[in-house]
Amino acid sequence: MKIQYKLWLTFTSLFIIMGLALYLFIVNAYEKRAIAGQAGVMGSQGAAVVEKINGTYPKFPDRTMGYLQFYSKQLDARLFLLDEKNEVVFDTSGQVSQGTSLNLSILAKVKGQPVSEFIKTGPFGYVQYTMLPLHQIVNGKIPDSNNSAHGYLLVVKDINVVYEDIHSFQRWMLGLMFAAVVLFFIVCFPVASWFTKPIADLIDNLRKISPHKRSFAMKYKRKDEIRKLVDAITEMVGQLNHYEQRQRQFLSASSHELKTPLATIQLIVENLKFVQHDDRLFKEFTGDLSGQIDKMKQMVDQLLDIHRVWDKPIERDWVSLDEAEKHIKDHFLLLAEHKEIRLVFQTDSGAVFVDRDLFFRGLDNLVSNAVRYSPEGSEVIISFKMKGKELVQCSVCDRGIGISKEDLLNVLEPFYRAKDATEWNQEGTGLGLTIVKQMVDIHGGTMEIKSLPGKGTCVFLYLSNKNDTKGLLS
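Thresholds, definitions, all that
- Residues numbered from 1 in each chain as written.
- Predicted model: local features only at pLDDT ≥ 70, side-chain atom pairs only at ≥ 80, totals over all residues.
- Heavy atoms only, no water.
- Core = buried A, V, L, I, M, F, W, Y, C linked by side-chain atoms within 4.5 Å.
- Buried < 20%, exposed > 50% of the residue type's maximum accessible area, 1.4 Å probe, protein only.
- Helix = DSSP H or I, 4+ residues; strand = E, 2+ residues; numbered from the N terminus.
- Contact = heavy atoms within 4.5 Å.
- Pairing = 2+ DSSP bridges.
- Axes fitted to C-alpha atoms, helices over the stretch in contact; angles between N-to-C directions.
- Patch = residues over 30% accessible without salt bridge, like charges linked within 9 Å, V, L, I, M, F, W, Y side chains within 5 Å.
- Areas by Shrake-Rupley, 256 points an atom, 1.4 Å probe, with all protein chains shown as cover.
- Salt bridge = Lys/Arg side-chain N within 4 Å of Asp/Glu carboxyl O.
- Parallel < 35°, antiparallel > 145°, perpendicular 65-115°, else oblique.
- Left-handed = near helix turned anticlockwise from the far one by under 90°.
- Nonpolar A, V, L, I, M, F, W, Y, C, P; charged D, E, K, R; others polar.
- Phe/Tyr/Trp six-rings, centres within 6.5 Å; stacked < 30°, edge-to-face > 60°.
- Lys NZ or Arg CZ within 6 Å of the ring centre and 35° of its normal.
- pLDDT = per-residue confidence, 0-100.

S.K.: I would appreciate a short explanation of the nonpolar core in the present structure.
M.R.: Side chains of a nonpolar character, in soluble globular proteins, are inclined to be buried together. Membership of the largest hydrophobic core comes to 38 residues, with the highest contact counts inside it found for F359, I382, F384 and L461. With eight residues, the top contributor of residues to this core is helix 7 (residues 356-372). Not counting chain neighbours up to four residues away, the residues in contact with L461 comprise L366, V392, Q393, C394, V436, M439, V440, T446 and M447. Counting 18 residues, the second-largest nonpolar core is a separate cluster that includes V49, L81, V89 and V155.

Right under this line is the structure:
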C-alpha cells in the first residue's frame with residue numbers, strides 16, 4: 001500500500017478514535033448533568049410535599065391523604081407514604097394495599113437524607129425513585145435530620161422524557177461526528193497527498209538516473225527529514241560520479257603504466273636476437289629485461305593488494321612502537337646507509353592496536369618514498385608519539401624535493417606522480433601513498449601531509465589506540 005493511502009487511513013483512524021473518545025465524554029457528561037438536574041428538581045419538589053405533610057402525618061391521616069393526592073396530580077407522579085418500617089401507609093394509585101412491604105433497593109440507601117435512584121424497568125421504561133424522610137414537628141420545629149424518621153415519602157416519576165432527550169442528544173452527536181469524519185476523510189486525502197508528494201518527486205528523479213546519465217537535481221525547500229534525504233542522495237550521486245571518474249582515471253593510468261614496461265620488454269625481446277653474440281650487450285639487455293619484469297610484477301602485486309585488502313577482514317593486534325622502529329631499521333637501514341642518508345628515530349614507549357601486516361606495509365611505503373626522494377647526506381626523521389592514551393601519531397619527515405600545492409591535491413590518487421618526482425627518480429609506481437591512505441582509512445584514522453617544494457615533506461598518520469576501535473573492515 002502506498003504511504004499516501006497509509007497516511008490517509010491513519011489520520012482518519014486517529015480522528016475517529018479521538019472523536020469516539022470525545023463523543024463518550026460529552027454524552028456521559030450530558031447524561032450525568034441531565035440526571036443530576038432531574039434529581040435536584042424532584043428533590044426540591046418532594047421537599048415541598050414533605051414540608052406540607054410533616055404537620056399532618058400521622059395525626060391527621062385524611063388531610064395527609066388529600067395532600068398526597070393533590071401533589072400526585074401536580075407532579076404527575078405516583079406518591080407512596082411509608083412508615084418507619086418501610087411498609088405502605090398510602091398509595092396515590094390505590095394499587096398497593098396498606099401494610100405491604102416494598103422490595104426496592106432505594107430503601108436501603110435512605111439514612112435521614114433525600115435519595116434519588118434511576119432505574120430502567122421493563123413495562124414502564126425509565127423510572128425515578130425519590131425517597132425523603134418525614135420527621136415529627138416538636139414545638140413547631142423539625143428536629144435534626146440525622147435523627148430517625150417516623151416515615152418516608154416515596155416519589156415514583158416517569159422520566160422517559162428525560163432519557164428521550166438524552167438519546168436525542170446522543171443521536172445528534174453521532175450525526176455530527178459522522179459528518180465530521182466524512183469531512184475529515186475527504187480533506188485528509190489532499191493533506192496526505194501533500195505530505196507524500198516530495199516522496200513521489202524523489203522517486204521520479206531517482207528513476208531518471210541511469211548509468212549513462214547520473215545526475216540528481218531535485219529542488220526541495222522544506223527543512224525536514226526529506227530535505228536531509230535529498231541532500232544525502234545528492235551527495236551520494238556526486239560521490240558515485242567522482243568514484244566513476246576516479247575509476248576511469250585509474251584504468252587509464254594503470255593501462256598506461258603497464259603499457260610502458262610491456263613496450264620496453266617487447267623492444268628488448270625484438271632486439272635480443274641481434275646481440276646474442278655480444279656477451280656484454282646480451283647481459284645488459286637481459287638485465288634490463290629482468291628489471292622491467294620485476295617492475296611490472298611489483299606494480300601488478302600492488303594493484304592486487306589495493307583491491308584485495310578491502311575483502312580481507314583486518315586482524316588487530318598490539319604492535320609496540322619499539323617493534324615498529326626495529327622493523328624499519330631491519331628493512332631500510334642498509335638502503336639508507338648506501339645512499340648516505342641518516343635515519344633518525346623519535347620513539348615513545350607504548351603500542352598501537354592495528355593490523356600488523358597493513359600497518360607495516362603503510363610504514364614501508366612512507367619510509368621508501370622518504371629515502372628515495374631524499375638527497376645524499378640528508379636525514380629522514382621517523383617519529384612514533386603517544387598522543388594521550390587513545391591516539392598514536394606516526395610521522396616520516398624528509399629533506400627531499402617536496403611537493404607543490406597543486407600536486408598535494410592529487411598525490412593520493414593511484415599512479416599519480418608529481419613532475420618533480422618523476423624527474424628526480426624514474427623508479428616508483430605512484431601507488432605508495434595510495435596504499436598508505438588505504439591503510440589509514442581501514443583503521444579509521446586520519447592522514448595529513450605537509451610539504452614545501454625544495455624543503456621536504458612530512459606525512460603524519462593518526463591511528464586510534466582504543467582496544468574496541470572498529471575500522472571499516474572490523
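Now, onward.
S.K.: Got a minute to help me understand helix 10 (residues 432-442) in this structure?
M.R.: Helical periodicity: at 3.6 residues per turn, an α-helix aligns residues three or four positions apart in one direction. In terms of burial, helix 10 is a largely internal element, nine of the 11 residues being buried. Listed as buried for helix 10 are G432, L433, T434, I435, V436, Q438, M439, V440 and I442. Once helix 10 finishes, G444 follows within two positions and takes phi at roughly 75°, a positive value.

S.K.: Before we go on, may I ask you to explain the sheet that holds strand 5 (residues 151-158) in this structure?
M.R.: Within a sheet, adjacent strands bond to each other through the backbone by hydrogen bonds, running parallel or antiparallel. Spatially, the five strands line up as an open sheet ordered 2-1-5-4-3, and their pairing is antiparallel. Pairing within the sheet leaves two strands with one partner each, and these edge strands are strand 2 (88-91) and strand 3 (115-121). Averaged over all adjacent pairs, the angle separating strand axes in this sheet is 20°, with direction ignored. With seven bridges joining them, strand 3 and strand 4 (residues 125-134) adopt antiparallel strand pairing. Bridge pairing in strand 4 links F118 to Q128. Against the sheet, helix 1 (residues 3-53) touches strand 1 (78-83), strand 3, strand 4 and strand 5, its axis set at about 40° to strand 4.

S.K.: Please explain a nonpolar patch on the surface as it appears in this structure.
M.R.: A cluster of nonpolar side chains, L9, F178, V182, L183, F185, I186, V187, V191, W194 and F195, forms an exposed patch at the surface whose accessible area comes to about 940 Å². Ranked by residues supplied to the nonpolar patch, first place goes to helix 3 (residues 160-207) with nine residues. Tracing the chain through its elements places V182 in helix 3.

S.K.: For this particular structure, what's the right way to read the pairing of strand 2?
M.R.: Looking down a regular strand, the side chains alternate between one sheet face and the other. In this sheet, strand 2 lies alongside strand 1 in antiparallel orientation, the contact comprising three bridges. Within strand 2, the residue paired with L82 across the bridge is V88. Counting the residues in the hairpin turn of strand 1 and strand 2 gives four residues, including N86, whose phi is positive at 65°.

S.K.: What is the right way to look at the packing of helix 1 against helix 3 in this model?
M.R.: The axes of two packed helices give the description: the angle between them and the distance between them. Here helix 1 crosses helix 3 at 160°, and the two axes come no closer than 8 Å. Put simply, helix 1 runs roughly antiparallel to helix 3. Judged by the sense of rotation from one axis to the other, the crossing of helix 1 with helix 3 is right-handed. Of the residues contributing to the contact of helix 1 with helix 3, the split by class is 30 nonpolar, seven polar and two charged.

S.K.: In this structure, what is going on with the pattern of salt bridges? I would like to understand it.
M.R.: Oppositely charged side chains can pair when the atoms bearing their charge come close. Considering all chains together, one arrives at 13 salt bridges under this definition. A salt bridge links K326 to D330; the nearest nitrogen and oxygen atoms lie 3.0 Å apart. Taken together, the residues K326 and D330, both in helix 6 (residues 321-338) and four residues apart, mark about one turn of the helix. By relative accessible area, which is 51% here, K326 ends up exposed. With its nearest N and O atoms 3.8 Å apart, the salt bridge here joins D348 to K385. Of this pair, D348 sits in the loop between strand 7 (342-347) and strand 8 (351-355) while K385 is found in strand 9 (residues 379-386), placing the two residues 37 residues apart along the sequence. Judged by relative accessible area, which is 26%, D348 ranks as partly exposed. Since its relative accessible area comes to 25%, K385 is described here as partly exposed. Through salt bridges with shared partners, a single ionic network connects D317, E323 and R356.

S.K.: Help me out: how do you make sense of the environment of V237 in this one?
M.R.: Note on placement: V237 falls in helix 4 (residues 225-272). Judged by its relative accessible area of 4%, V237 falls in the buried class. Contacts of V237, omitting those with residues within four sequence positions, involve I209, R214, S215 and F216.

S.K.: Mind showing me how you'd approach the packing of aromatic side chains here?
M.R.: Two aromatic rings, taken as a pair, are described by how far apart their centres are and by the angle between their planes. Across all of its chains, the model carries seven aromatic pairs by this definition. Taken together through their ring pairs, the aromatic side chains of Y30, F169 and W172 make up a single cluster. Above the face of the F60 ring, R63 is positioned so that its terminal group lies 5.5 Å from the ring centre. The ring of F345 has K329 sitting right over it, with the charged end atom 5.2 Å from the ring centre.

S.K.: Which parts of the structure should I look at to understand the confidence of the model for the protein chain?
M.R.: Low-confidence regions, as indicated by low pLDDT, have predicted coordinates that should not be scrutinised in detail. Predicted confidence across the protein chain gives a mean pLDDT of 82, with 87% of residues reaching 70 or more. Scored below 50 in pLDDT, residues 138-142 shows five contacts in the model against residues more than four places distant or in partner chains. Confidence drops under pLDDT 50 across residues 422-426; counting only partners more than four residues distant or on other chains, this segment forms 11 contacts.

S.K.: Sorry, what's going on with the pairing of strand 1 here?
M.R.: A large share of strand 1 lies buried, amounting to five of its six residues. Direction of pairing for strand 1 relative to strand 5: antiparallel, over a ladder of six bridges. Pairing of R78 across the sheet is with V156, part of strand 5.

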